[in-house]
Amino acid sequence: MNQMTPLRRPKISLVIPVFNEEAVLPALFIRLDALMSVIGGDVEILMVDDGSRDASGEMLAARAQVDPRYRYVALSRNFGHQAAITAGMELAGGDAVIVMDADLQDPPEVVLELIQRWRDGYDIVHARRRSRAGETRFKKWTASLFYRGLRALTNVDIPADVGDFRLIDRRALETFRAMPEQDRFVRGMFGWMGYRQTVVDFDRDERAAGVTKYSLGRMVRLAFDGVVGFSDVPLRLALWTGAIVSLGSLLYGAWVVAMAILGVGLVSGWASLAVLISFLSGINLLMTGIVGVYVGRTHREVKQRPLYIVARDTGEARQAPAHIFARTAEVA
Ligand code: UDP
Ligand code: MG
């Protein structure tokens, strides 16, 4: 690949999604500057502004102007965390790309360990949360339940307690770019693709400033994308529930017939009928709903809309947004 410059030092890109993070940006810049001086060499920091409505955008643009190592990419509106990191990874030019949150919950120092493992020859290095400071018991509990449930439901090797803090080698990144799915569960996509993967454990810090941008609704949605995007167990659940309920009603019917033949105890029970009917229609609606979820997703995929729209990019005028659309099977 690099025949022209064989001695070139590998370039590292840091991708950081930002959504209304004005409170934390000054602290983030200080930590990143310190980190870059330790990494040395060629480092690019790609800040993806996911449609912030506070001063984040101006702060990032100003930073990019005074320090060319910072690159400011603004999306045209809020596309959500998963789309923002997708945009960053696709635009990044590094030989290794690291994704981390803006709020300093992912300590920048861990990046050095990730890079070390990459130099050891791994293609994907996940940072795994050994502990999570300053998060509610509810969040920790639901997160733990979710990761374990997901592993049980899918046959994809998604490491438990791994979020979106990870390093990806260029090779895995090209594979990622060839995956055009609309409803993105990025950690699952990297788990799915194989290659040489490893984890680095770290203690998750408290958010340095500001508040979480993941509401309960967004968390539920992400969990949903994880399950439905990587598993057809819900669809099979419909099949099994249908089969079991039909079998049950068949047995019940046989029992009713037997009672009628024996001429005993057939009370005109409207209550049991009402219960049965409402139960069955409930199941029916539920199953139709599950099918509807998958159909809705198919519809979204078929439309092939771009996953994000770049409104501004202070980086070199490289590949520009063209490759948002040209993401067909480049990888065998
Ligand atoms: N974020 C984003 N777009 C969104 C929501 C969040 O780019 O729509 C960014 C946010 O600025 C942060 C990262 O995603 O850098 C993780 O968000 P947050 O820290 O709020 O999530 P939590 O750590 O509470 O799960
Ligand atoms: Mg956070």
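Residue indices begin from 1 for each chain and proceed along its sequence in written order. Chains and ligands are labelled sequentially in the order written, the chains with letters from A and the ligands with numbers from 1. The predicted origin of the model limits local features to residues at a pLDDT of at least 70 and limits the giving and counting of side-chain atom pairs to 80 or more, whereas totals for whole chains, interfaces and linings rest on all residues. Calculated side-chain values reflect all of the structure's heavy atoms, with hydrogen atoms and water omitted.

**Student:** In this structure, what is going on with the sheet that holds strand β5 (residues 124-132)? I would like to understand it.
**Tutor:** Two modes of strand pairing occur in sheets, parallel and antiparallel, and in both the strands are linked by backbone hydrogen bonds. Pairing between two strands requires that DSSP report at least two bridges joining them. Put simply, DSSP H or I for four residues or longer makes a helix, DSSP E for two residues or longer makes a strand, and each gets a number counted from the N terminus. Ordered by their spatial adjacency, 8 strands build an open sheet running β7-β5-β6-β4-β1-β2-β3-β8, and the pairing between neighbours is mixed. Every interior strand has two partners, whereas the edge strands, β7 (197-204) and β8 (310-313), have only one. Between one strand axis and the next, the sheet turns through 20 degrees on average, direction left out of account. With 4 bridges joining them, strand β4 (residues 96-99) and strand β6 (residues 162-169) adopt antiparallel strand pairing. Paired with V99 across the bridge in β6 is R166. Residue contacts are counted whenever heavy atoms from the two residues lie within 4.5 Å of one another. Inter-axis angles, ranging from 0 to 180 degrees, are taken between N-to-C directions of lines fitted to C-alpha atoms, where helices are fitted over the stretch in contact. Set on the sheet, helix α2 (residues 56-66) makes contact with β1 (12-18), β2 (43-49), β3 (70-75) and β8; between it and β3 the angle comes to about 145 degrees. In this fold helix α6 (residues 170-177) packs onto β4, β5 and β6, with an angle of close to 115 degrees to the strand it touches most, β6.

**Student:** Help me understand the site of ligand 1, please; the structure alone is not making it clear to me.
**Tutor:** The immediate surroundings of ligand 1 are formed by 19 residues, with D50, D103, T212, K213 and R218 found nearest. For this analysis, a polar contact is any N or O atom pair within 3.5 Å, provided that within protein one partner can donate a hydrogen and the other can accept it, and provided that sequence-adjacent residues contribute only side-chain to side-chain pairs. Within the contact set of ligand 1, an oxygen atom lies 2.6 Å away from a side-chain nitrogen or oxygen of D103. Contact between ligand 1 and Q105: an oxygen atom at 2.6 Å from a side-chain N or O atom of the residue. Working definition of accessibility: Shrake-Rupley area with a 1.4 Å probe, residue cover restricted to the visible protein chains. Relative to its unbound accessible surface of 530 Å², ligand 1 loses 96% to contact with the protein. A single heavy atom is enough: if one lies within 4 Å of a molecule or strand, its residue is considered near that molecule or strand.

**Student:** Got a minute to help me understand the coordination of the magnesium ion (ligand 2) in this structure?
**Tutor:** Four donors placed tetrahedrally around a metal ideally meet at 109.5 degrees, and six donors placed octahedrally ideally meet at 90 or 180 degrees. Only nitrogen, oxygen and sulfur atoms count as donors, using a 2.8 Å cut-off from the metal that widens to 3.2 Å for Na, K and Ca. Water is left out, so coordination shells may look unfilled. The magnesium ion (ligand 2) binds to the protein through D103 (OD) and Q105 (OE1), with metal-donor distances spanning 1.9 to 2.0 Å. Residue exposure (1.4 Å probe, protein chains only): buried if accessible area is under 20% of the type maximum, exposed if over 50%, otherwise partly exposed. For Q105, a relative accessible area of 8% corresponds to the buried category.

**Student:** Is there a simple way to think about the nonpolar core in this case?
**Tutor:** Grouped burial of nonpolar side chains is what soluble globular proteins tend to show. By size, the foremost hydrophobic cluster in this structure holds 39 residues, and its most contacted members are L75, M89 and F190. Listed by contribution, the elements that provide at least two residues to this core are β2, β3, α3 (81-91), β4, α5 (137-153), α6, α7 (186-192) and α8 (216-230). Sorting elements by how many residues they give to this core places α3 first, with 6 residues. With residues near it in sequence (within four places) discarded, L75 still touches V48, D49, D50, G51, A84, A87, Y308, I309, V310 and A311. Among buried residues, those of type Ala, Val, Leu, Ile, Met, Phe, Trp, Tyr and Cys that are joined through side-chain atoms within 4.5 Å constitute a nonpolar core. L25, V43, I98 and A127 belong to the second largest nonpolar core, which has 37 residues in total.

**Student:** Could you clarify how one ought to interpret a nonpolar patch on the surface in this entry?
**Tutor:** Patch definition: residues above 30% relative accessible area lacking any salt bridge, with like charges linked at up to 9 Å and the nonpolar side chains Val, Leu, Ile, Met, Phe, Trp and Tyr linked at up to 5 Å. Salt bridge, as used here: a side-chain nitrogen of Lys or Arg that lies within 4 Å of a carboxyl oxygen of Asp or Glu. A contiguous nonpolar surface patch, about 300 Å² in accessible area, is contributed by F138, L216 and V220. Assignment of secondary structure puts L216 in helix α8.

**Student:** Any chance you could explain the packing of α5 against α8 here in plain terms?
**Tutor:** A pair of packed helices is characterised by two quantities: the angle between their axes and the separation of those axes. Where α5 meets α8, the axes come as close as 10 Å, and the angle between the chain directions of the two elements is 15 degrees. Considered as vectors, α5 and α8 are oriented roughly parallel to each other. α5 and α8 meet at a crossing whose hand is right-handed. Residues F138, K139, T142, F146, L150 and L153 of α5 form the contact with α8, whose own contacting residues are L216, M219, A223, G226 and V227. Roughly parallel here means an angle under 35 degrees, roughly antiparallel means over 145, roughly perpendicular means 65 to 115, and every remaining angle is called oblique. Take the far helix as your reference; a near helix turned counterclockwise from it by less than a right angle gives a left-handed crossing, and one turned clockwise gives a right-handed crossing.

**Student:** Sorry if this is basic, but what is going on with the packing of aromatic side chains here?
**Tutor:** By convention here, two paired aromatic rings are described through the distance between centres and the angle between planes. Note on aromatic contacts: the rings of Phe and Tyr and the six-membered ring of Trp form a pair at centre separations within 6.5 Å, being stacked when their planes are under 30 degrees apart, edge-to-face when over 60 apart, and tilted otherwise. Across all of its chains, the model carries 4 aromatic pairs by this definition. For the pair F29 and Y70, a centre-to-centre distance of 5.4 Å together with 85 degrees between the ring planes defines the contact as edge-to-face. A residue pair is termed long-range when its members are at least 10 positions apart, and F29 in helix α1 (residues 25-39) and Y70 in strand β3 qualify at 41 residues. Where F176 meets F190, the ring centres are 4.8 Å apart and the plane angle is 15 degrees; that geometry is what we call stacked. Here the residue F176 occupies a position in helix α6, and F190 occupies one in helix α7, the gap between them amounting to 14 residues. Each of the two residues, F176 as well as F190, counts as buried.

**Student:** Looking at this model, I keep getting lost on the side chain of N78. Mind explaining?
**Tutor:** Relative to the helices and strands, N78 is located in the loop between β3 and α3. A distance of 3.0 Å separates a polar atom in the side chain of N78 from a polar atom in the side chain of D50.

**Student:** Would you take a moment to explain the environment of A127 for this structure?
**Tutor:** Within the secondary structure, A127 sits in strand β5. A127 sits in the buried class, given a relative accessible area of 1%. Between the C-alpha atoms of A127 and E113, which are 14 residues apart in sequence, the distance is 9.2 Å.

**Student:** Looking at this model, I keep getting lost on the pattern of salt bridges. Mind explaining?
**Tutor:** When the charged atoms of two side chains lie near each other, side chains of opposite charge can form a pair. Under the definition given, this model contains 17 salt bridges. Note that R117 and D120 form a salt bridge whose closest N and O atoms lie 3.1 Å from each other. When salt bridges that share partners are traced, they join D33, R63, D67 and R69 into one network.

**Student:** When you look at the environment of L60 in this model, what are you seeing that I'm missing?
**Tutor:** Tracing the backbone through its elements, the reader meets L60 in helix α2. For the pair L60 and F79, spaced 19 residues apart in sequence, the C-alpha to C-alpha distance is 18 Å. What L60 contacts, discounting residues up to four positions off in sequence, is V18, L25, F29, M47, D49 and Y72.

**Student:** In this structure, what is going on with unusual backbone geometry? I would like to understand it.
**Tutor:** Glycine aside, the phi torsion of most residues is negative, and most peptide linkages are trans. For N20, which is not a glycine, the phi torsion comes out positive at approximately 55 degrees. Secondary-structure assignment places N20 in the loop between β1 and α1. The phi dihedral of Y195 is positive, around 65 degrees, even though this residue is not glycine. A relative accessible area of 33% places Y195 in the partly exposed class.

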